[in-house]
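Below are the chains, spelled out letter by letter.
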Amino acid sequence: MSVSEISGRAGRADWLRDVLPKLVLSPSFALVLIFVYGFIVFTFYLSFTDSRILPSFGLVGWQNYTRLFSLRAWDIAVKNVLIFGSLYILICCVLGLALAILLDQKIRAEGFIRTIYLYPMALSFIVTGTAWKWFLDPGIGLEAVVRSWGWTSFEFDWIKSSDMAIYTIVIAAVWQTSGFVMAMFLAGLRGIDNEVMKAAQIDGASNWALYRRIVIPQLRPAFMSAFVVLAHMAIKSYDLIIALTGGGPGTATELPATFMYSYTFTRNQMGIGAASATIMLMAIAAIMVPYLWSELREKK
Amino acid sequence: MATAAATTNAGAGATQVIRTGAGSRYVIYTLLILFCLYYLLPLYVMVVNSLKPLSEIQAGGMMALPDALTFAPWASAWSSAQVGVEATGLRPYFLNSILMVVPAVAISTVLGALNGYVLTKWRFRGDTIVFGLLLFGCFIPFQMVLIPMARMLGLMGIAGTVPGLIFVHLVYGIGFSTLYFRNYYQQFPTELVRAAMIDGAGFFTIFRRIMLPSSGPIAVVCVIWQFTNIWNDFLFGASFSDFDSQPMTVALNNLVQSSTGVKEYNVHFAGAIMAALPTLLVYIVAGRFFVRGLMAGSVKG
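This one's a predicted model, so the numbers in the text were calculated from it and none came from an experiment.

Right, let's talk about the overall build of chain A for a bit. A count of helices and strands for chain A gives 13 helices and zero strands. Each helix and strand of chain A, ordered N terminal to C terminal, gives the series α-α-α-α-α-α-α-α-α-α-α-α-α. Based on the C-alpha atoms only, the size of chain A along its principal axes is roughly 100 × 70 × 30 Å. Long-range contacts, defined here as pairs at least 24 residues apart, represent 67% of the contacts in chain A between residues at least 6 apart. Only carbon and sulfur atoms are counted for the fraction: they give 65% of the accessible area of chain A, which is about 13,500 Å². Taken together, the 24 basic and 19 acidic charged side chains of chain A have centroids lying 3 Å from each other.

Below, the structure written as structure tokens:
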């Protein structure tokens, strides 16, 4: 065997060793390039075309966007996602933090209680929506039950009221996700160094002051993660609205996700639907990109 | 990372220091139990009302235990209720969901493991960018891909079929499974991999002999995550399936929203529990491993 033969074989082995990992990764990467980024470009392009029932490629400039922003339905959807999103994030964070702090007091059966708080996360929003839809229905649900107990003037018909229905979405969504937020905060609490706290306690700080001054400020990363997860879920909310209110009464609980679906697939206004999807993507990118960027840089 | 749900009893928590009196402990336990009731309430409503005749619900007895216990709503929801146009019950759709979930979860987990292995142990120029692109793909609003995906599935000849749904879930599941395995393998000692390389072990040998045997915990996390997400998906199911390929969530929604005839609430509740059971079972049986695996994978909060 000659020297050149050996080095030739080694060269081939090196080459294979170099290429094989990339080869293994490439199908996944190709799929994501086409089906995520290629499709984003495609939909973005459609938002500048006169597509109606089917994609069409006649460019119309910004027309879809100007139409979109003049539509009352889009106005309602945006207003709703702002109301829903801010209440959803706020209540989930407050409730999640409170439950985490309560559970962090050396509670007996903590694991069991945690399981109960967390299980809604395992359910489909369609299941959650179905359960709450009938529970909040004034004809058979809470209102009827309380009345049958003797409080005959009791009223709770938010789900049938245009002004209040959006809050029933908040109720159901908070029920589903707040336990998950609790778990994030609990993990944060368990990671806190207690030396500082011991010192503060010796200085005579009250429990309340300990939490306010020392514990909660240290939970910043948990707050960040919770905010990003919840904001992203709020913008994407679709199933829950479909199951709980169907966007109604009327259009009172339409969100951008339901707007996009109905304009694209039932009203045959694909150009406008694509424009609304683009706006949704922008909103999510504005939240996710900085977060992922900082996460990836930290880990390097 | 975004998906942290990790909690342990590892000790060094804030409350090692906090002392609470007997009075406040009473308040704490009361509050905790009240919240248990709050989280259990919808489940209670679903279960008791799926076991009573419709007339009891209509009479305002939603919170009461069944007077006349009956399993008829379950039988109806499973095999005879009107779902969409046909009175097939939810059974065929339950099967669709199983047929869809199993391959989608299996393939995306295997791909995620291989990707995570490459991205941590066979690093190359630009690997962080590749990972970043995969990761961002998890979080896009899927409204952005619905229109071209509908066309693409048509071109591929799998529109409105279960294989079509498997493909869609596979594509959009890769990002998360890669994330899990990458974060887990990052902790895995690279020296071991180096040593095996020097001994002449190849790419797949190292993966099979060294990485896979220690991947149990993260595989559990990944499988639970993907199973829950894919089983619970509604948007893709509603967009890309036909009457005979609909998954369980879409069928349940059709059952509940159907406007013809009397609203059979008890049947709806029974159907909702059926749709919830697989993921609930997974959560109850394997939830502990999920939390433990997340800790092992240092998927930080």
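Additional details are given in the paragraphs that follow.
Moving on: the overall build of chain B. Looking only at helices and strands, chain B features 13 helices and zero strands. Walking chain B from its N terminus toward its C terminus, one meets helices and strands in the order α-α-α-α-α-α-α-α-α-α-α-α-α. Across its three principal axes, chain B shows a C-alpha extent of roughly 75 × 70 × 30 Å. Scored against the burial criterion, the 301 residues of chain B give a buried share of 57%. Look at the contacts in chain B between residues 6 or more apart in sequence, and 71% of them connect residues 24 or more apart.

Next up on the list: unusual backbone geometry. Residues other than glycine predominantly adopt negative phi, and peptide bonds predominantly adopt the trans conformation. Residue and element names in this part refer to chain A. Cis geometry marks the peptide bond from G248 to P249, where omega comes out at 0°. Topologically, P249 is positioned in the loop between α11 (239-244) and α12 (256-266). Here A109, not a glycine, exhibits a phi torsion of approximately 60°, which is positive. Of note, A109 is situated in the loop between α3 (72-103) and α4 (110-118). The phi dihedral of N268 falls on the positive side, at around 55°, and the residue is not glycine. You can see N268 is positioned in the loop between α12 and α13 (270-299).

Before going further, it helps to spend a moment on the UniProt feature "transmembrane region" (unreviewed entry) in chain B. Residues and elements named next belong to chain B. Here, the residues flagged by UniProt with the feature "transmembrane region" (unreviewed entry) are residues 26-47, 93-117, 129-150, 162-185, 206-227 and 269-291. Helix makes up 100% of residues 93-117 and strand 0%, whereas the separation of the span's terminal C-alpha atoms amounts to 36 Å. Between the C-alpha atoms that bound residues 162-185 there is a distance of 33 Å. The span itself is 100% helix and 0% strand.

Residues and elements named next belong to chain A. Residue position: L230 is located in helix α10 (residues 220-236). The exposure class assigned to L230 is buried, which follows from its relative accessible area of 0%. Linking L230 and I192, residues 38 residues apart in sequence, is a C-alpha distance of 23 Å.

In this section: a nonpolar patch on the surface. On the surface, Y26, V27, L31, I33, L34 and L37 of chain B cluster together into a nonpolar patch covering about 620 Å² of accessible area. Along the chain, the position of L34 of chain B falls in helix α1 (residues 22-49).

The subject of this paragraph is the pattern of salt bridges. Residue and element names in this part refer to chain A. Applying the stated criterion across every chain yields a total of seven salt bridges over all chains. Note that E143 and R147 form a salt bridge whose closest N and O atoms lie 3.4 Å from each other. Of the two residues, E143 and R147 both sit in helix α6 (residues 142-148), four residues apart, roughly one turn of that helix. Of the residues examined, R147 reaches a relative accessible area of 32% and is grouped as partly exposed. Each of the salt bridges in this network shares a partner with another, and the network as a whole consists of D104, E110, R114 and R190.

In this section: the UniProt feature "transmembrane region" (unreviewed entry) in chain A. Residue and element names in this part refer to chain A. As annotated by UniProt and renumbered to match this structure, "transmembrane region" (unreviewed entry) occupies residues 23-48, 81-103, 115-135, 164-189 and 270-293. Structurally, residues 115-135 comprises 71% helix and 0% strand, and the distance from its first C-alpha atom to its last is 23 Å. Between the end C-alpha atoms of residues 164-189 there is a gap of 36 Å, over a span that is 96% helix and 0% strand.

Before going further, it helps to examine the confidence of the model for chain B. Where the model shows low pLDDT, its predicted coordinates should not be examined in detail. Residue and element names in this part refer to chain B. Scored by pLDDT, chain B comes out at a mean of 87, with 90% of its residues at no less than 70. Confidence scores differ between elements of chain B, with helix α13 (residues 265-296) showing the lowest mean pLDDT of 85 and helix α4 (residues 91-121) the highest of 96. Counted against residues more than four places away or in other chains, residues 1-12, with its pLDDT under 50, gives 50 contacts. Low pLDDT, under 50, characterises residues 297-301; the predicted model gives this stretch 16 contacts beyond four residues in sequence or across chains.

The rules behind each value
- Residue numbers run consecutively from 1 along every chain, following the written order of its sequence.
- Each chain is given a letter, starting from A, and each ligand a number, starting from 1, according to the order in which they appear as written.
- Only residues with pLDDT of at least 70 get local features here, since the model is predicted, and only at 80 or more are side-chain atom pairs given and counted; chain-wide, interface and lining totals rely on the full set of residues.
- The side-chain figures draw on all heavy atoms in the structure; neither hydrogens nor water molecules are used.
- Elements are defined by DSSP. Helices are runs of H or I of four residues or more, strands are runs of E of two residues or more, and each kind is numbered from the N terminus.
- Two residues qualify as a contact provided that any one of their heavy atoms is within 4.5 Å of a heavy atom in the partner residue.
- Note on areas: Shrake-Rupley, 1.4 Å probe, and residue coverage restricted to the protein chains presented here.
- In this charge count, Lys and Arg are treated as positive and Asp and Glu as negative; neither His nor the chain ends contribute.
- Charged side chains are reduced to one point each, which is NZ for Lys, CZ for Arg, CG for Asp and CD for Glu.
- Each residue is placed in one exposure class: buried if its accessible area under a 1.4 Å probe, protein chains only, is under 20% of its type's maximum, exposed if it is over 50%, and partly exposed if it falls in between.
- UniProt positions are given in the numbering used here, feature names are shortened, and annotations may be inferred rather than shown by experiment.
- Patch rule: a residue counts if its relative accessible area is over 30% and it has no salt bridge; like charges are joined within 9 Å, and nonpolar side chains (Val, Leu, Ile, Met, Phe, Trp, Tyr) within 5 Å.
- Take a side-chain nitrogen of Lys or Arg and a carboxyl oxygen of Asp or Glu: if they are within 4 Å of each other, that pair is a salt bridge.
- The predictor rates its confidence in each residue with pLDDT, a number between 0 and 100.

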